[in-house]
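# Notes for the structure review
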Amino acid sequence: MKSGSTREDVIRVRDVVQGLGLESQPLPVAERLAVRVAGYVREPSRELFEMLPGVDLVMPVSQAPHKVGLQARPEGTVLKIGGHTVGGGGLTLVAGPCAVETEEQIVTVAREVQRAGAHMLRGGAYKPRTSPYEFQGLGRRGLELLALARRETGLPVITEAVDEASLELAEEYADVIQIGARNMQNFALLKRAGRSRRPLLLKRGMSASLEDLMMSAEYLMDAGNSDVILCERGIRSFSDHSRFTLDLSIIPVLKQTTHLPIFVDPSHASGNRRSVAPLARAAMVAGADGIMIEVHPDPIHALCDGPQSLLPAEFAALAASLRSLVPLVAGQRETAERKP
Ligand code: PEP
Ligand code: MN
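Residues numbered from 1 in each chain as written. Chains lettered and ligands numbered in written order. Predicted model: local features only at pLDDT ≥ 70, side-chain atom pairs only at ≥ 80, totals over all residues. Heavy atoms only, no water.

### Details of the overall build of the protein chain
Our working rule: Helix and strand definitions here come from DSSP, where helices need a minimum of 4 consecutive H or I residues and strands a minimum of 2 consecutive E residues; each element is numbered from the N-terminal end. All radius of gyration figures rest on C-alpha atoms, and the globule criterion is 2.2 Å times the number of residues raised to 0.38. Buried residues are those whose accessible area, probed at 1.4 Å on protein chains only, stays under 20% of the maximum for their type, while exposed residues exceed 50% and partly exposed ones sit between those limits.
In terms of helices and strands, the protein chain carries eleven helices and twelve strands. Scaling as 2.2 N^0.38, a compact globule of 340 residues should have a C-alpha radius of gyration of about 20 Å, and the protein chain matches this with 21 Å. Across its three principal directions, the C-alpha atoms of the protein chain cover 70 × 45 × 40 Å. Looking at the protein chain as a whole, 52% of its 340 residues qualify as buried.

### Points about the nonpolar core
Threshold: To qualify as a nonpolar core, a set must consist of buried Ala, Val, Leu, Ile, Met, Phe, Trp, Tyr and Cys residues joined through side-chain atoms within 4.5 Å. For this analysis, residues touch if any pair of their heavy atoms sits within 4.5 Å.
Among the nonpolar cores identified, the biggest contains 71 residues, and Val113, Leu121, Leu202, Ile291, Ile293, Phe315 and Leu322 are the most heavily contacted of them. Leaving out residues up to four positions away in the same chain, valine 113 has contacts with Ala95, Ala118, Leu121, Leu155, Val295 and Phe315. Counting residues in each nonpolar core, the second largest holds twelve residues, with Met120, Ile158, Phe263 and Met292 among its members.

### Considerations on the sheet that holds strand 6 (residues 120–122)
Stated precisely, the cut-off is as follows: Only strands that DSSP links by at least two bridges are regarded as paired with each other. Lines are fitted to the C-alpha atoms to define the axes, a helix being fitted only along its stretch in contact, and any angle between axes, read from their N-to-C directions, falls within 0 to 180 degrees.
Spatial strand order, 5-6-7-8-9-10-11-12: eight strands in a closed barrel with parallel pairing. Adjacent strand axes in the sheet meet at a mean angle of 25° when their direction is disregarded. As paired elements, strand 5 (residues 92–96) and strand 6 share two bridges and run parallel to each other. Opposite valine 94, over in strand 6, you have methionine 120 as the bridge partner. Contacting strand 6 and strand 7 (157–160), helix 4 (residues 140–153) runs over the sheet at an angle of about 165° to strand 7. The strands that helix 5 (residues 164–173) touches are strand 7 and strand 8 (176–179); relative to strand 8, the one it contacts most, it runs at about 150°.

### Some remarks on the pairing of strand 5
Rules: Call a crossover right-handed when, viewed with both strands pointing away from you, the route from the first strand across the helix to the second goes clockwise.
Most of strand 5 sits inside the fold, with five of its five residues counted as buried. Burial of the side chains of strand 5 extends over both faces: Thr92, Val94 and Gly96 are buried on one face and Leu93 and Ala95 on the other. In terms of strand pairing, strand 5 meets strand 12 (residues 290–294) through five bridges, oriented parallel. Along strand 12, the bridge assignment pairs leucine 93 with isoleucine 291. In the classification by handedness, the crossover that spans strand 5, the intervening helix 3 (residues 103–115) and the parallel strand 6 is right-handed.

### Describing the side chain of glutamine 105
Position of glutamine 105 relative to the elements: it lies in helix 3. Relative accessible area serves as the criterion here: at 6%, glutamine 105 is assigned to the buried category. Discounting chain neighbours no more than four positions away, the residues touching glutamine 105 are Pro97, Ala99, Val100, His296 and Pro297.

### Some thoughts on the pattern of salt bridges
Going by this rule: In the sections that follow, a salt bridge refers to a side-chain nitrogen of Lys or Arg positioned within 4 Å of a carboxyl oxygen of Asp or Glu.
Considering all chains together, one arrives at 18 salt bridges under this definition. Of the charged contacts, one joins glutamate 152 and arginine 111 as a salt bridge, the two residues approaching to 2.6 Å between their closest N and O atoms. In this pair, glutamate 152 sits in helix 4 while arginine 111 sits in helix 3, placing the two residues 41 residues apart along the sequence. On the basis of relative accessibility, which here comes to 38%, the residue arginine 111 falls in the partly exposed class. What you see here is one network of salt bridges that share partners, running through Glu168, Glu171 and Arg192.

### Details of the coordination of the manganese ion (ligand 2)
Counted only if it meets this: Nitrogen, oxygen and sulfur within 2.8 Å of a metal are treated as its donors, or within 3.2 Å for sodium, potassium and calcium (Na, K, Ca); water is not counted, so a site can appear incomplete.
Distances from the manganese ion (ligand 2) to its protein donors, Cys98 (SG), His268 (NE2), Glu294 (OE) and Asp305 (OD), fall at 2.0 to 2.3 Å. Here the donor residues of the manganese ion (ligand 2) share one chain and are spaced in sequence as C-x169-H-x25-E-x10-D. Here the residue histidine 268 occupies a position in helix 9 (residues 266–270), and glutamate 294 occupies one in strand 12, the gap between them amounting to 26 residues. Across the pair, glutamate 294 and histidine 268 agree in class, each one buried.

### Quick word on the site of ligand 1
The condition is simple: Only heavy atoms are used to decide nearness, and a residue is near a molecule or strand if one of them lies within 4 Å of it. Under this definition, polar contacts are N or O atom pairs within 3.5 Å; protein pairs additionally need one hydrogen-donor-capable and one acceptor-capable atom, and for neighbouring residues in sequence, both atoms have to be side-chain atoms. The Shrake-Rupley method, run with a 1.4 Å probe, gives the accessible areas here. Residue values count only the displayed protein chains as cover. Ten residue types, Ala, Val, Leu, Ile, Met, Phe, Trp, Tyr, Cys and Pro, are classed as nonpolar, four, Asp, Glu, Lys and Arg, as charged, and the remainder, Gly among them, as polar.
For ligand 1, the full set of nearby residues is Arg122, Lys127, Glu160, Gln178, Gly180, Ala181, Arg182, Lys203, Arg233 and His268. Residue alanine 181 places a main-chain N or O atom 2.7 Å away from an oxygen atom belonging to ligand 1. In the model, an oxygen atom of ligand 1 is placed 2.8 Å from a nitrogen or oxygen of the arginine 182 side chain. Within the complex, 97% of the 300 Å² of free accessible area of ligand 1 lies under protein. In the shell around ligand 1, the residues fall into one nonpolar, three polar and six charged.

### Section: helix 3
Selection criterion: Expected span of a helix, by definition, is 1.5 Å for each gap between consecutive residues, and there is one gap fewer than residues.
Spanning 13 residues, helix 3 covers 18 Å between terminal C-alpha atoms, matching the ideal 18 Å at 1.5 Å per step. Those residues of helix 3 not exposed but buried are Gln105, Ile106, Val107, Val109, Ala110 and Val113. One or two positions beyond helix 3, positive phi appears at glycine 117, with a value near 105°.

### Concerning the environment of alanine 72
If you trace the backbone, alanine 72 turns up in the loop between helix 2 (43–51) and strand 3 (79–81). Distance in space between the C-alpha atoms of alanine 72 and arginine 197 is 20 Å, their sequence separation being 125 residues.

### Side note on the packing of helix 6 (residues 187–194) against helix 7 (residues 210–222)
Applied cut-off: An angle counts as roughly parallel when it lies under 35 degrees, as roughly antiparallel when it exceeds 145, as roughly perpendicular when it falls between 65 and 115, and as oblique in every other case.
Their axes nearest at 7 Å, the elements helix 6 and helix 7 cross at an angle of 40°. Compared by their axis directions, helix 6 and helix 7 come out oblique. Packed against helix 6, whose contacting residues are Phe187, Leu190, Lys191, Ala193 and Gly194, the element helix 7 presents Ser216, Tyr219 and Leu220 at the interface. When grouped by side-chain class, the residues that make up the contact of helix 6 with helix 7 number five nonpolar, two polar and one charged.

Now the structure itself:
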């Protein structure tokens, strides 16, 4: 039931259940009420329930994403990554190149973004590319360079795994493992990542619904990993002015639906460096717990995603402006939006 549902709404649901010859039982769940229906409810009847006032959603208990659901942890998930706290009202800044290219490149970026206040370094060693002829990443060498950049700066590193083999290697080197948009519904990979002890960043698929995203996160948690961060990175639309469409409207809904921290990646969403800063600020005001930004010391010669990459100095300016927003959005983030 919706949080504002009334006694009459609940009685109406009970009567409809009885009319179908089934039993119902009210169950308090966190600050809300659920009505459990025992017995088989056919599809058209489910739609009927959804039309009743006060009803929020109807779903089979056994299939609902209950581990990622807000009710499972109404206070919200807070993670510690390399001494930094993710979630809980603070801001997490992740920055780095799309792909790890050379030692000089990754160490330079790491130092620059650390100086600018980033909490984590990103960099792909395994790149899921649209064309097989594009740079695919340095593989294990890329992971070694990320580990080197971490030694140089102390920044925890996040990198993408594209299959089970790369996940096994990434676990050895990285602090956080990313499951990319194209793999959000690679269920074999999700099951394996769920068994990992590393925290996971799950990016929303470019055509994934809220339910798809929640269910994929449920795979991770159901396999035993509760250190999961979600990341909105833009969806496909008819837009011809940006690479994808950043769906900021999912943030308040996610905050009502899940306890997991929510990051936003405006770099991949826009594909255009001039749009990155305004979208990052908008994401933060909308309630994002973290922002992930692509940064490259020489975007023109980047092997991947140069046009959307900020120069280190541009990232420093953006980081400062995001920090200045923290006090403005602090109160509203944990109170208004997290209430079930
Ligand atoms: C990335 O973060 O490097 C990446 C490939 O992102 P996405 O999976 O969102 O396209
Ligand atoms: Mn990229």
